[in-house]
Amino acid sequence: MSTSPTSAVKLQRPDGTPVRVLVVDDESNLTELLSMALRYEGWEVRAAGTGLKAVKAAREFQPDAVVLDMMLPDFDGLEVLRRMRADNDAVPVLFLTAKDAVEDRVAGLTAGGDDYVTKPFSLEEVVARLRALMRRTTVVAEESSSLLVVGDLTMDEDSHEVTRGGVEIALTATEFELLRYLMRNPKRVLSKAQILDRVWNYDFGGQANVVELYISYLRKKIDAGREPMIHTMRGVGYVLKPAP
């Protein structure tokens, strides 16, 4: 196993926290090795040894990428993928398949997997494939970049320029702060209380309507005439995710 990171530039979430990777395999030695290699990249890692635990972990951990073994003790990787994608349809998945199982690779990619590696594999290859997948999903940023990117929506935190599909969008200062908070937490459901605290800096106390009001302003500017990116999770809050 190599002890040098694959790149000097660290990938991170737009809010500056480490990217998250879920490793799913019932071979504990393998998950341990993979987890060590991924943590060495500065990434946050969680492991699961069964399909049920993987689906539960994906829901709680909200990973930026998943390494998923095709063969698991309870149900196969395709079923895990199906259940995970029901909660998060954009998370990239790297399948681990047996060397001679060509039909598994075809099935995995057909079912919506993004890439695969065959066992035995080098840890460096897995890291490189994951890095490429996460860059391609555009919900992670390179360290020190002032640019937030989610799907075709971009925000330059320094110049305060916001574009969607290359078209510039003019925002008020409050709209900008609200959108910045949503873009720093893509695909994560944010409650009205969290939004009030982070954008308006005061505690939740009957002011939920101001959040609803500004979400409606943002929608008119960001989503008007386009596939919506800002979604309401009834009774929970709001989530921003790339348009399909």
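Residues numbered from 1 in each chain as written. Predicted model: local features only at pLDDT ≥ 70, side-chain atom pairs only at ≥ 80, totals over all residues. Heavy atoms only, no water.

> How should I be thinking about the packing of helix 6 (residues 173–184) against helix 7 (residues 192–200) in this particular structure?
Relative orientation of the contacting elements helix 6 and helix 7 amounts to 125 degrees, with a least axis distance of 10 Å. Of the possible angle classes, the one that applies to helix 6 and helix 7 is oblique. The two elements helix 6 and helix 7 meet at a crossing, and its hand is right-handed. Residues Thr174, Glu177, Leu178 and Tyr181 of helix 6 form the contact with helix 7, whose own contacting residues are Gln194, Ile195, Arg198, Val199 and Trp200. Partitioned by chemical class, the residues of the contact of helix 6 with helix 7 number five nonpolar, two polar and two charged. (Axes fitted to C-alpha atoms, helices over the stretch in contact; angles between N-to-C directions. Helix = DSSP H or I, 4+ residues; strand = E, 2+ residues; numbered from the N terminus. Parallel < 35°, antiparallel > 145°, perpendicular 65-115°, else oblique. Left-handed = near helix turned anticlockwise from the far one by under 90°. Contact = heavy atoms within 4.5 Å. Nonpolar A, V, L, I, M, F, W, Y, C, P; charged D, E, K, R; others polar.)

> Explain the sheet that holds strand 2 (residues 20–24) to me, please; I cannot follow it from the model alone.
Through backbone hydrogen bonds, the strands of a sheet pair up, either in parallel or in antiparallel fashion. With parallel pairing, the five strands of this open sheet are ordered in space as 3-2-4-5-6. Bordering the open sheet on either side are strand 3 (44–48) and strand 6 (115–119), each of which pairs with just one other strand. Within the sheet, the average angular offset between the axes of one strand and its neighbour, ignoring direction, is 20 degrees. In the sheet, strand 5 (residues 93–98) pairs with strand 6 via five bridges, with the strands oriented parallel. In the sheet register, alanine 98 faces strand 6, and the bridge partner there is lysine 119. (Pairing = 2+ DSSP bridges.)

> For this particular structure, what's the right way to read the UniProt feature "modified residue: 4-aspartylphosphate" (unreviewed entry) in the chain?
UniProt tags Asp69 as "modified residue: 4-aspartylphosphate" (unreviewed entry). With respect to the helices and strands, the residue aspartate 69 is situated in strand 4 (residues 65–69). Beyond its immediate stretch of four places on either side in the chain, aspartate 69 contacts Val24, Asp25, Asp26, Gly77, Leu96 and Lys119. (UniProt positions renumbered as here; feature names shortened; annotations may be inferred.)

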